[in-house]
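Structural features, examined
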Amino acid sequence: MKIVIFGGTTEGRELSSLLASAGADVTVSVVSGYGAEEQNASGNSGSLKIEEGPRDENGMRLLLADADICVDATHPYAVEASANIRSAAEAENVEVLRLKRASVSLDEIKGSGVEDLYIAEDPAEAARIAAGIGGRILLTTGSKDLHLYGELLDSELLFPRVLPLSQSIDACEKAGIPHRNIIAVQGPFSEAFNRAVIDEYQINVLITKESGRAGGFMEKINACKSCGIPAVVISRPADEGLSFDEVRALCMEKLK
């Protein structure tokens, strides 16, 4: 049985390795060399093939042409990618399972005791909230929307934490971020590391996404609490799907 997993997340890597070890013919599609590197680091046992590079809907259809199951294990905020995966799977008449990352409830976030918590609908609103707070801003939302933050905020006050990749640095440069402000390092991070970054760069407010426990979200929130700074959280898009255990069980059942 051939299973195509659109991944790049911790859950996708774990699932792909597990299914390949169980005997499935697994193809994992990742956007970048970083994703391929992480997939190999997590274990590449059994029949597992990695396809690297961004894909539009037509490119996804090519991968799914002879597949039995498609698993969408992309990031919770990758809305466009998920839509393309659904369309491609439907066009190829392949069953698609959405692996939904467990979220952290708003009550739990508020219960963390962080001094000031702001919920934003999108990056633009997050930028406006941060501007109202003032001071130095730690951006932990990746490189995708850096251009927007660069347009709406003073780039001298932006401290983006991005992956140590040339394209991430390029995005920082295009957004006008001073090189001395760029924090290029691979996560997820502990609460202690987050506290150290906040202290070292004298951060006044943190902007993040609700990326779930697997993405180190609560470690960032707890660091804000410890350091007494506000957190601006970009809310997660609506995402219907199945848990890791549910997707694993369905795939394993079909392997019998």
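Given the structure is predicted, the values throughout are model-derived calculations rather than measurements.

1. Here we look at the pattern of salt bridges
The final tally for this structure, using the stated rule, is 13 salt bridges. A salt bridge links R61 to E92, with the shortest nitrogen-to-oxygen separation between them at 2.8 Å. You can see R61 sitting in helix α3 (residues 57-64) and its partner E92 sitting in the loop between α4 (79-91) and β5 (95-98), a full 31 residues away along the chain. A relative accessible area of 31% means that R61 is categorised as partly exposed. What makes E92 partly exposed here is its relative accessible area of 24%. Between R98 and D72 there is a salt bridge, with the nearest N and O atoms lying 3.2 Å from each other. Here R98 is found in strand β5, whereas its partner D72 is found in strand β4 (residues 69-72), with 26 residues between them in sequence. Comparing R98 with D72 shows no difference in burial state: the two are buried. Residues joined by salt bridges that share partners form a network here, namely K49, E51 and R55.

2. Examining helix α1 (residues 10-21)
Each full turn of the α-helix corresponds to 3.6 residues, which orients residues three or four apart in the same direction. Here α1 contains 12 residues, and its C-alpha end-to-end distance of 17 Å stays within 8% of the 16 Å for a straight helix at 1.5 Å per residue. Those residues of α1 that sit buried are E11, G12, R13, L15, S16, S17, L19 and A20. Following α1 by one or two positions, G23 has its phi on the positive side, about 110°.

3. Notes on the sheet that holds strand β1 (residues 2-6)
Taken together, 5 strands build an open sheet; the order of strands is β3-β2-β1-β4-β5 and the sheet is parallel. Two strands close off the open sheet at either side, each with one partner strand: β3 (48-52) and β5. Strand-to-strand, the axes of this sheet are offset by a mean angle of 20°, without reference to chain direction.

4. Thoughts on unusual backbone geometry
That bond from G187 to P188 is cis: its omega, 0°, falls within 30 degrees of zero. Mapped onto the fold, P188 is located in the loop between β9 (183-184) and α9 (191-200). Look at N93: it is not a glycine, yet its phi comes out positive at around 55°. On the basis of relative accessible area, N93 is assigned to the exposed category, the value being 72%.

Parameters and conventions
Residues numbered from 1 in each chain as written. Predicted model: local features only at pLDDT ≥ 70, side-chain atom pairs only at ≥ 80, totals over all residues. Heavy atoms only, no water. Salt bridge = Lys/Arg side-chain N within 4 Å of Asp/Glu carboxyl O. Helix = DSSP H or I, 4+ residues; strand = E, 2+ residues; numbered from the N terminus. Buried < 20%, exposed > 50% of the residue type's maximum accessible area, 1.4 Å probe, protein only. Expected span 1.5 Å × (residues − 1). Pairing = 2+ DSSP bridges. Axes fitted to C-alpha atoms, helices over the stretch in contact; angles between N-to-C directions.

On their own, these measurements won't tell you what the molecule is for.
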